[in-house]
Amino acid sequence: KGSTGAPSETWAGITMNMSSAFSFTNQGKVKMKIYSNHTGAVVKFKLENPSTGTTTETDVLTTVANGWEELTFNMDPSVIGRSFGGFSIFYEFGLAGNGSANFIGYFDDIKIYP
């Protein structure tokens, strides 16, 4: 959010559309690594299926300041048996970014556990 120093919307994030849909069969879990400069940052992970308009989302708070941690998003059980074409990640969802370090998060190693 606002990495150029410009303000951002409260819903600013990043979206990744997959080349082929993925489905959840029994776990409905997503893990990813994040670097944040403070604890308590709201990270929202949203599964999306653009062809049907279906979405589901889960929030997790950061617990490590100035370091990497692995967050686990336990998606709603309703994802089992459903297909998704992509996902979005929102860092500090609900807050308007101001370009400061408090609104910049780094993501890596996103893994989907069906």
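Residues numbered from 1 in each chain as written. Predicted model: local features only at pLDDT ≥ 70, side-chain atom pairs only at ≥ 80, totals over all residues. Heavy atoms only, no water.

Caption draft 1: Region of the structure containing the sheet that holds strand 3 (residues 42–49). Spatially, 1-6-3-4 is the arrangement adopted by the 4 strands of the open sheet, whose pairing is antiparallel. Two strands in the sheet have a free side with no partner beyond their single neighbour: strand 1 (14–23) and strand 4 (54–61). Taken over all neighbouring pairs, the strand axes of this sheet differ in orientation by 20° on average, direction set aside. Relative to strand 6 (residues 83–91), strand 1 runs antiparallel, the two sharing 6 bridges. Within the sheet, the bridge partner assigned to S23 lies in strand 6 and is S83. (Pairing = 2+ DSSP bridges. Helix = DSSP H or I, 4+ residues; strand = E, 2+ residues; numbered from the N terminus. Axes fitted to C-alpha atoms, helices over the stretch in contact; angles between N-to-C directions.)

Caption draft 2: Region of the structure containing the pairing of strand 5 (residues 67–74). In strand 5, alternate side chains face the same way, and those of G67, E69, L71 and F73 are buried while those of W68, E70, T72 and N74 on the opposite face are not. Summarising the sheet, strand 2 (residues 29–36) and strand 5 pair through 8 bridges and their orientation is antiparallel. Following the sheet pairing, K31 is matched in strand 5 by T72. (Buried < 20%, exposed > 50% of the residue type's maximum accessible area, 1.4 Å probe, protein only.)

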